Amino acid sequence: MTPKPTKPEVQLLLKRLADGPTKSETPYRREFAGTAIRCVENEGLAATETATLHFRDFDLKDRWVEFLPQNAESIVRRRLSDDTARHIAEMIRQRGAHPDDLICRYAPRLRPNRRSPTFGWAGAVSEEVRLVDFDPERFHIKTLK
C-alpha cells in the first residue's frame, strides 16, 4: 500500500500545480486538480463531489461547504479550511464568478462513439500530478483521502 503523503509534500504539489511550468495542454484540468486535492485533503470530498460544486456551496464568511456525498440521501456540511477558503476566494476574484457558476470548468473528454469519458475525475487529477513530475499513485485521490 502506498503511504499517504505528508502535508508539506501536498503543499509542494499544489504549489507546482499552481505556478510551475507544466506540460499540460488543459489549464482547466490543472485548476481542477489543485482544487480537488485541496478539497480531498482538507474537507474529505471526493473528486466527483468537488467537480459538481457551485460557488454558492461555499460559505467563506462562516467557513463551511455543503455537498451531497456519493450514495447519500442528505446534504452534508463540513468545516472549510483556511487553505481551501483562500483558494476558492482567489478563484472567485480571478474569474469574477457568480454564485451559480461551477468551481470546475473542466470536463473529461468523450471519445467518438463512446458514452463515457476516456478517464474520470480521479484520472484527470492523476494525469496533472504526473505532468508536474510527482508520483500519481502516491498522490492519488484515494491515497489522499
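Here's a quick rundown of the structure. Note that this is a predicted model, so its numbers are computed, not measured.

1. A short note on the packing of helix H2 (residues 27-43) against helix H4 (residues 82-95)
For step 1, the next point in the chain: For the pair H2 and H4, the least separation of the axes is 9 Å and the interaxial angle reads 150°. Looking at the two axes, H2 sits roughly antiparallel to H4. At the point where H2 passes H4, the crossing takes the left-handed sense. For the pair H2 and H4, contact is made by Glu31, Gly34, Thr35, Arg38, Cys39, Asn42 and Glu43 and by Asp83, Thr84, His87, Ile88, Met91 and Arg95, respectively.

2. Details of the sheet that holds strand E2 (residues 64-67)
For step 1, the next point in the chain: An order of E1-E2-E3 is seen for the 3 strands of this open sheet, with the pairing classed as antiparallel. Whereas interior strands pair on both sides, the edge strands pair on one side only; in this sheet they are strand E1 (58-59) and strand E3 (76-79).
For step 2, the next point in the chain: The pairing of E2 with E3 spans 4 bridges and is antiparallel. Bridge assignment links Trp64 to a residue of E3, and that residue is Arg79.

3. Here we look at the layout of surface pockets
For step 1, the next point in the chain: Its boundaries defined by the atoms lining it, the largest pocket holds a volume of some 340 Å³.
For step 2, the next point in the chain: Contributions of two or more residues to the lining of the largest pocket are made by helix H1 (7-19), H2 and H4.
For step 3, the next point in the chain: Of the residues belonging to the lining of the largest pocket, the class tally is 5 nonpolar, 4 polar and 5 charged.

4. A few points about the nonpolar core
For step 1, the next point in the chain: With 21 residues, the main nonpolar core has Leu13, Phe32, Ile37, Val125, Val129 and Phe139 as its most contacted residues.
For step 2, the next point in the chain: Counting residues per element, the ones that place at least two in this core are H1, H2, helix H3 (47-51), helix H5 (121-131) and helix H6 (141-144).
For step 3, the next point in the chain: Excluding its chain neighbours within four sequence positions, the residues that come into contact with Val125 are Phe32, Ala33, Ala36, Ile37 and Ile141.
For step 4, the next point in the chain: With 13 residues, the next largest nonpolar core counts Phe67, Ala85, Ile88 and Met91 among its residues.

5. Regarding the packing of aromatic side chains
For step 1, the next point in the chain: Counting across every chain of the model gives 3 aromatic pairs.
For step 2, the next point in the chain: Both rings, one in Phe134 and one in Phe139, keep their centres 5.3 Å apart while their planes meet at 85°; by these two values the pair is edge-to-face. Across this residue pair, the class does not change: Phe134 and Phe139 are buried.
For step 3, the next point in the chain: Connected via pairs of aromatic rings, a cluster forms that spans Phe32, Tyr106 and Trp121.
For step 4, the next point in the chain: One cation-aromatic arrangement involves Arg77 over Trp64; the distance from NZ or CZ to the ring centre is 3.7 Å.

6. Observations concerning H1
For step 1, the next point in the chain: With 13 residues, H1 extends 18 Å from end C-alpha to end C-alpha; this agrees with the ideal 18 Å at 1.5 Å per step.
For step 2, the next point in the chain: Within H1, burial applies to Val10, Leu13, Leu14 and Leu17. For H1, the angular spread of buried residues about the axis comes to 100°, placing them on one side. Opposite the buried face of H1, by more than 90 degrees, sit the exposed residues Pro8 and Asp19.
For step 3, the next point in the chain: Those residues of H1 hidden inside the fold are in contact with H2, H4, H5 and H6.

The rules behind each value
- Residues numbered from 1 in each chain as written.
- Predicted model: local features only at pLDDT ≥ 70, side-chain atom pairs only at ≥ 80, totals over all residues.
- Heavy atoms only, no water.
- Axes fitted to C-alpha atoms, helices over the stretch in contact; angles between N-to-C directions.
- Helix = DSSP H or I, 4+ residues; strand = E, 2+ residues; numbered from the N terminus.
- Parallel < 35°, antiparallel > 145°, perpendicular 65-115°, else oblique.
- Left-handed = near helix turned anticlockwise from the far one by under 90°.
- Contact = heavy atoms within 4.5 Å.
- Pairing = 2+ DSSP bridges.
- 1 Å grid on protein atoms, 1.4 Å probe; cavity = no way out; pocket = protein on both sides within 12 Å on 5 of 7 lines; lining within 4 Å.
- Points joined across faces, edges and corners; volume = space filled by probe spheres on them.
- Nonpolar A, V, L, I, M, F, W, Y, C, P; charged D, E, K, R; others polar.
- Core = buried A, V, L, I, M, F, W, Y, C linked by side-chain atoms within 4.5 Å.
- Buried < 20%, exposed > 50% of the residue type's maximum accessible area, 1.4 Å probe, protein only.
- Phe/Tyr/Trp six-rings, centres within 6.5 Å; stacked < 30°, edge-to-face > 60°.
- Lys NZ or Arg CZ within 6 Å of the ring centre and 35° of its normal.
- Expected span 1.5 Å × (residues − 1).
- Arc of directions from axis to C-beta.

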